[in-house]
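Each chain is listed here by its residues.
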Amino acid sequence: MDFQLSDDQRALRAGVRELLAGRFGRDRMRAALDAGAGTDRALWRELGEAGFFALRLPEAQGGVGLGLPEAVLLFEEAGRSLLPGPLIATHLAAGSAKGAASGETVVAVLDAGRPVAHLGEADALLVLAPGYAPRAAGGTLRDAAPVRDAAGPVRSADPFTPLWRVTEPVEAGEPLPGGGRLREEGALLAAAEQLGSAARTTEMAVQHVGTREQFGAPIGSFQAVKHLCAGMLVRAELARSAVYAAAVTADPVEIAGAKLLADDAAVRNARDCLQVHGGMGFTWESDVHLHLKRAWLRSGQWLTAAAAEEVLAGDLC
């Protein structure tokens, strides 16, 4: 079986990378960070026009008609660029929430007992059923305003991801078709974002060690630094294999394994990238800390490490 990307898949990935570089390149990303801006509605609509949210909807419904493997490529690019907003929830609700496919509607995700990201900007909520059991009941869709009125903001590690604490029980909304796959697919797309971040921090580290000099030589020539960068590459490529394979099989156990590996790669690669950058890696001007904070936050979303380990252990019995 050939797992190499097809020409169409490479073109799709290149097109999304070009779009994000033009609309959310580093300069615009840092400007949004300094301004403390929320979800960019204009960018959201542009993503909708590009088919980001409707990628997997049938063409008869105005979608692109592609599958999970292609969606993984899109979300990998989003992870590379630190694109903020509830991308996954809006993508998953594209066939159910009016305006989500076109980017007119922002859909956030509510997972009972956990802070809700981007609730202040959301038009609708994707409410997940508790637990992670293969093919379990998935979730419902409901209006975000009543939930927001009864919630309060809490401090977030990631400046791009505002969090809200929901203390009151949330009434169930409209059941979503195919809802049993929501958490699984959300976990896979989150793993793809983590993969993109892990790959990007690897590139940042390699670029830095090739230009930063110490004792008259690039620090990349020192064996200890080489080992750090080599370890980052191994983690990123191991996660890539797992994420791409899970996208093809859509197996819940493989998705759990992919999320576990991608979370580990994103967090550890960001930490090692920070180590490679030395003191400047800790500064606000560097982007390394943004990848680390986002990776920390994403590792607790959709499927935690503890839950993934339980799924993998259960499959062994």
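Structure report, in brief. Remember, it's a predicted structure, so these values are computed and weren't measured experimentally.

### Structural notes on the side chain of K259
Then, in step 1: Its location among the elements puts K259 in helix α9 (residues 252–277).
Then, in step 2: A polar atom in the side chain of K259 sits 2.9 Å from the backbone oxygen of L303.
Then, in step 3: Once residues lying within four places of it in the same chain are set aside, the contact partners of K259 are A187, A190, A191, R298, S299, Q301 and L303.

### Regarding the sheet that holds strand β6 (residues 163–166)
Across a sheet, paired strands are connected by hydrogen bonds in the backbone, their directions being either parallel or antiparallel.
Then, in step 1: Read across the sheet, three strands follow the order β2-β6-β5 without closing on themselves; strand pairing throughout is antiparallel. Of all the strands in the sheet, the pair left with one neighbour each is β2 (116–117) and β5 (151–154).
Then, in step 2: Strand direction decides the pairing type here: β5 and β6, joined by four bridges, are antiparallel. Looking at the pairing, G152 lines up with R165 of β6.

### Some words on the sheet that holds strand β4 (residues 139–143)
Then, in step 1: Sheet architecture is open: four strands sit in the order β1-β3-β4-β7, paired in mixed fashion. Each edge of the open sheet is held by one strand with a lone partner, namely β1 (107–111) and β7 (174–175).
Then, in step 2: Where β4 lies against β7, two bridges are found, and the strand directions are antiparallel. Residue pairing across strands places L141 opposite E174, the latter belonging to β7.

### Things to note about the nonpolar core
Then, in step 1: Counting 69 residues, the largest nonpolar core has L87, V107, L126 and V243 as its most contacted members.
Then, in step 2: Ranked by residues supplied to this core, first place goes to helix α7 (residues 182–211) with nine residues.
Then, in step 3: In contact with V243, not counting residues within four places along its chain, are V72, L188, A191, A192, L195, A258 and A262.
Then, in step 4: One finds A205, I219, C229 and V288 within the second-largest nonpolar core, a separate group that totals 16 residues.

### A look at the pairing of β4
A regular strand carries its side chains on alternate faces of the sheet.
Then, in step 1: Along β4, four of the five residues are buried, which leaves the element largely enclosed by surrounding structure.
Then, in step 2: When strand β3 (residues 124–128) meets β4, the two strands line up antiparallel, connected through five bridges. Its bridge partner being in β4, L125 is matched across the sheet by R142.

The rules behind these values
- Residues numbered from 1 in each chain as written.
- Predicted model: local features only at pLDDT ≥ 70, side-chain atom pairs only at ≥ 80, totals over all residues.
- Heavy atoms only, no water.
- Helix = DSSP H or I, 4+ residues; strand = E, 2+ residues; numbered from the N terminus.
- Polar contact = N/O pair within 3.5 Å; in protein donor to acceptor, adjacent residues only side chain to side chain.
- Contact = heavy atoms within 4.5 Å.
- Pairing = 2+ DSSP bridges.
- Core = buried A, V, L, I, M, F, W, Y, C linked by side-chain atoms within 4.5 Å.
- Buried < 20%, exposed > 50% of the residue type's maximum accessible area, 1.4 Å probe, protein only.

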